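Survey of secondary and tertiary structure
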Amino acid sequence: MPFCCSPSIPNVFDVISERPWEIAVPPFQVAPRTYYVSGQRWAGSYLIDTGDGCILVDTGVLESCPLLVESVHELGYSLRDIRIILVSHAHVDHCGAAGMLAHLSGADVLMSGEDEEFMRACPEETLAIDPRLRAQPFEVSGHFSDDEPVTLGEVSVRTLLTPGHTCGCTSFFWDVENPASGERYTVGMHGGVGVNTMNDEYYASSAYLTPALRERFVEDAGRLARMHVDIALPSHPNQIEIMDRAGSYTDEAQPYLDAGVWAEFLAERVRQVREAMGSQVSRR
Ligand SMILES: [Zn+2]
């Protein structure tokens, strides 16, 4: 299945804050040990079953937390199974429910030191980005290091600082084995690629982020694209189409296995950033 993306959801802040059920989606498997569990189709969250508890990657917003909880239960897990919560970056759509879920599960919350600082210094650009969303501040149990994977049970998640969308935006990579064939796959999720924070208008009003981040994003993209990723997962499901195959996963079928998608996805995101840079240059 070639790389494909879809338009973002219209008026998504109204929808997610007032009527999240309109974009509800049941949980579905995307890779061995790995399930889409955010309960809504705006911002992704993934549950990784490590064999000794679960790792949750991103939490969605507080308003859709009940949908995430329902997803976890529907898959047969308890919230107490979640032992580690990984936060890709400090925006509310990825960590708005981190406080609530840490409280309910007892899990440790890990994020980059860079984005924790950004979050503490600039609530209006991170957790309080929109008055319709009511994120709770949360405690951070530890910071990522690119040299030290986060290991639980049989899964090690490698973290990679990938600045651009935020200063401490972090991407995640983990290896899983197909129980049917014994093949091993690398699953990857880029931590954040939105051009909404990589344009001159944003930089003009930001108290924290600078255009150097956008340059770093473009510079790093080539190196990142050369990494081998068998199953590329989006942090927002419109950025890499996955909903079209929801519910069709079997170990034998592997509907998301395509080692070409990762590089195509990154190329498309760099194109969007360059387009934003180009249009700003031509407007001057
Ligand atoms: Zn973001």
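The structure we're discussing is the one just above.
Thresholds, definitions, all that
Residues numbered from 1 in each chain as written. Predicted model: local features only at pLDDT ≥ 70, side-chain atom pairs only at ≥ 80, totals over all residues. Heavy atoms only, no water. Phe/Tyr/Trp six-rings, centres within 6.5 Å; stacked < 30°, edge-to-face > 60°. Helix = DSSP H or I, 4+ residues; strand = E, 2+ residues; numbered from the N terminus. Buried < 20%, exposed > 50% of the residue type's maximum accessible area, 1.4 Å probe, protein only. Salt bridge = Lys/Arg side-chain N within 4 Å of Asp/Glu carboxyl O. 1 Å grid on protein atoms, 1.4 Å probe; cavity = no way out; pocket = protein on both sides within 12 Å on 5 of 7 lines; lining within 4 Å. Points joined across faces, edges and corners; volume = space filled by probe spheres on them. Nonpolar A, V, L, I, M, F, W, Y, C, P; charged D, E, K, R; others polar. Pairing = 2+ DSSP bridges. Axes fitted to C-alpha atoms, helices over the stretch in contact; angles between N-to-C directions. Contact = heavy atoms within 4.5 Å. Donors = N, O, S within 2.8 Å, 3.2 Å for Na, K, Ca; no water.

What follows is about the packing of aromatic side chains. Applying the stated rule across the entire model yields 10 aromatic pairs. Judged by centre distance (5.5 Å) and plane angle (80°), the ring pair of Phe173 and Trp262 falls under edge-to-face. Separated by 89 residues along the polypeptide, Phe173 in strand β10 (residues 170-177) and Trp262 in helix α8 (residues 261-283) bring together distant segments of the chain. Each of the two residues, Phe173 as well as Trp262, counts as buried. By way of ring pairs, the aromatic residues Phe3, Phe173, Trp262 and Phe265 are connected into one cluster.

All right, on to the pattern of salt bridges then. With the rule as written, the count across this model stands at 14 salt bridges. Among the salt bridges present, the one from Arg120 reaches Glu116, with a minimum N-O distance of 2.9 Å. Of the two residues, Arg120 and Glu116 both sit in helix α5 (residues 113-121), four residues apart, roughly one turn of that helix. The partner of Asp175 in a salt bridge is Arg158, and the shortest N-O contact between them spans 3.3 Å.

Here we come to the layout of surface pockets. Space inside the largest pocket adds up to approximately 500 Å³. Asp93, His165, Gly194, Asn196 and His236 are the residues nearest the centre of the largest pocket, which is lined by 27 residues in total. Breaking the lining of the largest pocket down by element, the ones donating at least two residues are α1 (12-18), α3 (92-95) and α8. A total of three residues in the lining of the largest pocket trace back to one element, the largest contributor, which is α3.

The full count for this structure, using the stated rule, is one cavity of 30 Å³ or more. Approximately 100 Å³ is the volume found for the largest cavity. Around the largest cavity, the lining comprises 13 residues; the ones closest to its centre are Ile240, Glu241, Arg245, Tyr256 and Val261. Grouping the amino acids of the lining of the largest cavity by side-chain chemistry returns 10 nonpolar, no polar and three charged.

For the rest of this paragraph, the subject is the pairing of strand β9 (residues 155-161). The pairing of strand β8 (residues 150-152) with β9 spans three bridges and is antiparallel. For Thr151, the partnering residue across the bridge sits in β9 and is Ser156. The turn joining β8 and β9, which pair antiparallel and follow one another in sequence, is formed by two residues; a positive phi near 55° is taken by Gly153. Note: β9 against β10, five bridges, orientation antiparallel. Bridging across to β10, Val157 finds its partner in Trp174.

On to the sheet that holds strand β12 (residues 231-233), then. Picture the strands of a sheet paired through backbone hydrogen bonds; they go either parallel or antiparallel. As summarised here, the arrangement of the five strands in space is β8-β9-β10-β11-β12, forming an open sheet in which the pairing is mixed. Two strands bound the open sheet, and with one partner strand each, they are β8 and β12. Across this sheet, the average inter-strand angle for adjacent strands is 20°, counted without regard to direction.

Helical geometry note: an α-helix holds 3.6 residues per turn, so side chains three or four residues apart project in the same direction. The complete set of buried residues in helix α4 (residues 98-105) reads Ala98, Gly99, Leu101, Ala102 and Ser105. Against β4 (54-57), α2 (65-74), β5 (82-86), α3 and β6 (108-111) lie the buried residues of α4. In the stretch just after α4, Gly106 is the one whose phi turns positive, near 80°.

Right, let's talk about the coordination of the zinc ion for a bit. Looking at the metal site, the zinc ion is ligated by His89 (NE2), His91 (ND1) and His165 (NE2), spaced 2.1 Å from it. Mapped onto the polypeptide sequence, the residues donating to the zinc ion form the spacing pattern H-x1-H-x73-H. With His89 in the loop between β5 and α3 and His165 in the loop between β9 and β10, this pair connects stretches of sequence that are 76 residues apart. Residue His89 shares its accessibility class with His165, and that shared class is buried.

On to the side chain of Ser88. Its location among the elements puts Ser88 in the loop between β5 and α3. For Ser88, a relative accessible area of 1% gives the class buried. With near-sequence residues (within four places) excluded, Ser88 lies in contact with Asp58, His94, Gly168, Cys169, Thr170, Phe172, Met189 and Gly191.

This is a description of form; function is not addressed.
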